[in-house]
Structure formats: C-alpha cells, structure tokens
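As a plain string of letters, each chain reads:
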Amino acid sequence: RKEVEQDPGPFNVPEGATVAFNCTYSNSASQSFFWYRQDCRKEPKLLMSVYSSGNEDGRFTAQLNRASQYISLLIRDSKLSDSATYLCVVNMGGYQKVTFGIGTKLQVIP
Amino acid sequence: NAGVTQTPKFQVLKTGQSMTLQCAQDMNHNSMYWYRQDPGMGLRLIYYSASEGTTDKGEVPNGYNVSRLNKREFSLRLESAAPSQTSVYFCASSDQVHNEQFFGPGTRLTVL
C-alpha cells in the first residue's frame, strides 16, 4: 500500500458545483496533514493545513479522520480559477520529511 | 521577500555532463529540501537539510549530491547526468516547527 494515496482524476465539474477529494494514508503515526494546490507548470503552494477538529477557509473545508486514516478537501461553489491539481501531504513526524500524494486534477467547466 | 528562488529555470544537458542547481530562501527557515517531480509519480524527496550543517538522504538520492552552504542556500549537484534524471526539480524550505513547505519555481532539466 502506498503511504499516501489519491485518485488522480480528472474531476470535471461545472461552475458552482461542490466537489470533494479524499486522500488516504498508511502510517497511523502521521502527525500533520496539508493540502497543496499546483497549477500547470508551476510550483506547489500551500492551500491549507488540516487540523483534527477540521478547518474552513472561505469555500474550502478540510477534515481529518484518524480512525479511517484519511483527509478530505471540500470545495463549494467551484470557480474556473479552482482548476488545478490538489496535492495531499502527510508528515510522519519526528524528522523533517513529508510524503506527497500524486495529486488530484480538478477541471472546472463553464 | 522573494521567498524561495531557484536557478536556472531551464537546462539541457548531455549524458555525462555535470551541473549544480542553486536554491536560496530569505524566510530564515531552518529546513530545506530538494524534490523531483515526474508525471504520474508526484513529488519525491531527493535530499533534505534539517538545519544548517546537516544533510540527509531522501527517497531517491542516487546520482545526486547536496551542499547546505549556509542557512539560506542549499544546492543540488548532478555529477554525471543521465537521461533518467530528466525531470522538474523543486527546492523547498520550511519552518521547523510547523513543517509547512514553501517551494521555489522549479528547474526543468532535460538530459539527452
């Protein structure tokens, strides 16, 4: 089993739709979790950290389920500008290393 | 603040040539990283430096060497480039406590 797994997509959704991505991780000792956004031919940029209690930033909501070992990202009222690849990132803790998922590609269609 | 800068942006090498990729950050971060990104494989860690004066191997270190020159700069060297090293290389840095990483714009390397 891969350490971090994501559905690569693509997810094609109409503008205004709600879309959700999941990411599963294998190491139950993982300590911190993040969602990054990567535009085509650009560098990844932090979208949001994922906290145990869940967190929201505008149209974006991230949640962590430690029992089932997955994190999720919900995007409400999708915009064309949300089209990108969303990377799930898991930090195993104890040393300065993180594991990146392969990313889920989102295409928002007019 | 410039954040994380990388040079060069693009490079074409012939098999067997050597080169050094440069990276610098101005955020006073302790930790720095080098990744490669290939289609369908995501980002893979080549080397990291938890703090100035230390470096450690990541997932795919073979064929590479690194130098943490000072707190700001972390370079990646290919001693004898191979076609399998054709990739996009990203440098990143992080605050040691939070581990959120900030990336440079990347170097697109082609080895012929």
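All values reported here derive from a predicted model rather than from experimental measurement. (Residues numbered from 1 in each chain as written. Chains lettered and ligands numbered in written order. Predicted model: local features only at pLDDT ≥ 70, side-chain atom pairs only at ≥ 80, totals over all residues. Heavy atoms only, no water.)

Draft legend 1. View of the overall build of chain B. Looking only at helices and strands, one finds 0 helices and 11 strands in chain B. Beginning at the N terminus, the succession of helices and strands in chain B can be written as β-β-β-β-β-β-β-β-β-β-β. The C-alpha radius of gyration of chain B comes to 13 Å, within 12% of the 13 Å expected for a compact globule of 112 residues. Relative to its full complement of 112 residues, chain B shows a buried share of 49%. Sequence separation of at least 24 residues holds for 55% of the intrachain contacts in chain B that already meet a minimum separation of 6. Carbon together with sulfur atoms contributes 49% to the accessible area of chain B, which is approximately 5,200 Å² in total. Each charge class in chain B was averaged separately, 10 positive and 9 negative side chains, and the resulting centres sit 9 Å apart. (Helix = DSSP H or I, 4+ residues; strand = E, 2+ residues; numbered from the N terminus. Rg over C-alpha atoms; globule rule 2.2 N^0.38 Å. Buried < 20%, exposed > 50% of the residue type's maximum accessible area, 1.4 Å probe, protein only. Contact = heavy atoms within 4.5 Å. Areas by Shrake-Rupley, 256 points an atom, 1.4 Å probe, with all protein chains shown as cover. Lys, Arg positive; Asp, Glu negative; His and termini not counted. Charge placed at Lys NZ, Arg CZ, Asp CG, Glu CD.)

Draft legend 2. Summary view of the pairing of strand 5 (residues 44-50) of chain A. Residue and element names in this part refer to chain A. Here strand 4 (residues 32-38) pairs with strand 5 via 6 bridges, running antiparallel. By the bridge assignment, glutamine 38 is partnered in strand 5 with proline 44. Taking the residues between adjacent antiparallel strands as the criterion, strand 4 and strand 5 are bridged by 5 residues, where arginine 41 takes a positive phi near 65 degrees. (Pairing = 2+ DSSP bridges.)

Draft legend 3. Spotlight on the side chain of aspartate 38 of chain B. Residues and elements named next belong to chain B. Among the secondary structure elements, aspartate 38 is positioned in strand 4 (residues 31-38). Within the structure, the side chain of aspartate 38 is placed 2.9 Å from the side chain of arginine 44, a separation counted as a polar contact. With residues up to four places along the chain from it excluded, the contact list for aspartate 38 reads Arg44, Thr86 and Ser87. (Polar contact = N/O pair within 3.5 Å; in protein donor to acceptor, adjacent residues only side chain to side chain.)

Draft legend 4. Looking closely at the state of the cysteines. All names here are of chain B. Under the definition given, this model contains 2 disulfides over all chains. Here cysteine 23 pairs with cysteine 91 through a disulfide, and the sulfurs are 1.8 Å apart. Residues cysteine 23 and cysteine 91 are joined by a disulfide whose S-S torsion is about -70 degrees; by sign, that bridge is left-handed. With cysteine 23 in strand 3 (residues 19-25) and cysteine 91 in strand 9 (residues 87-94), this residue pair connects regions lying 68 residues apart in the sequence. In this pair, the class of cysteine 23 matches that of cysteine 91, namely buried. (Disulfide = S-S within 2.5 Å.)

Draft legend 5. Structural view of the sheet that holds strand 7 (residues 64-68) of chain B. Residue and element names in this part refer to chain B. Spatially, 1-3-8-7 is the arrangement adopted by the 4 strands of the open sheet, whose pairing is antiparallel. On the outer flanks of this sheet lie strand 1 (4-7) and strand 7, each paired with one strand and no other. Recorded for the sheet is a direction-independent mean angle of 15 degrees between the axes of neighbouring strands. Summarising the sheet, strand 3 and strand 8 (residues 74-78) pair through 3 bridges and their orientation is antiparallel. Its bridge partner lying in strand 8, methionine 19 is registered against leucine 78. (Axes fitted to C-alpha atoms, helices over the stretch in contact; angles between N-to-C directions.)

Draft legend 6. View of the sheet that holds strand 7 (residues 60-65) of chain A. Residue and element names in this part refer to chain A. Read across the open sheet, the 5 strands follow the order 1-3-8-7-6; overall the sheet is antiparallel. Both outer strands of the open sheet, strand 1 (4-6) and strand 6 (55-57), are each paired with one neighbouring strand and no more. On average, each strand axis in the sheet is inclined to that of its neighbour by 20 degrees, with strand direction left out of account.

Draft legend 7. Representation of the confidence of the model for chain A in the model. When pLDDT is averaged across chain A, the result is 92; 95% of the residues are at 70 or more. Between the elements of chain A, mean pLDDT differs from a low of 86, seen in strand 10 (residues 98-100) of chain A, to a high of 97, seen in strand 11 (residues 104-109) of chain A. (pLDDT = per-residue confidence, 0-100.)

Draft legend 8. View of the environment of alanine 92 of chain B. All names here are of chain B. Note on placement: alanine 92 falls in strand 9. Given a relative accessible area of 0%, alanine 92 falls into the buried group. With 11 residues separating them along the chain, alanine 92 and alanine 81 place their C-alpha atoms 22 Å apart. What alanine 92 contacts, discounting residues up to four positions off in sequence, is Ser31, Met32, Tyr33, Tyr35, Gln101, Phe102 and Phe103.

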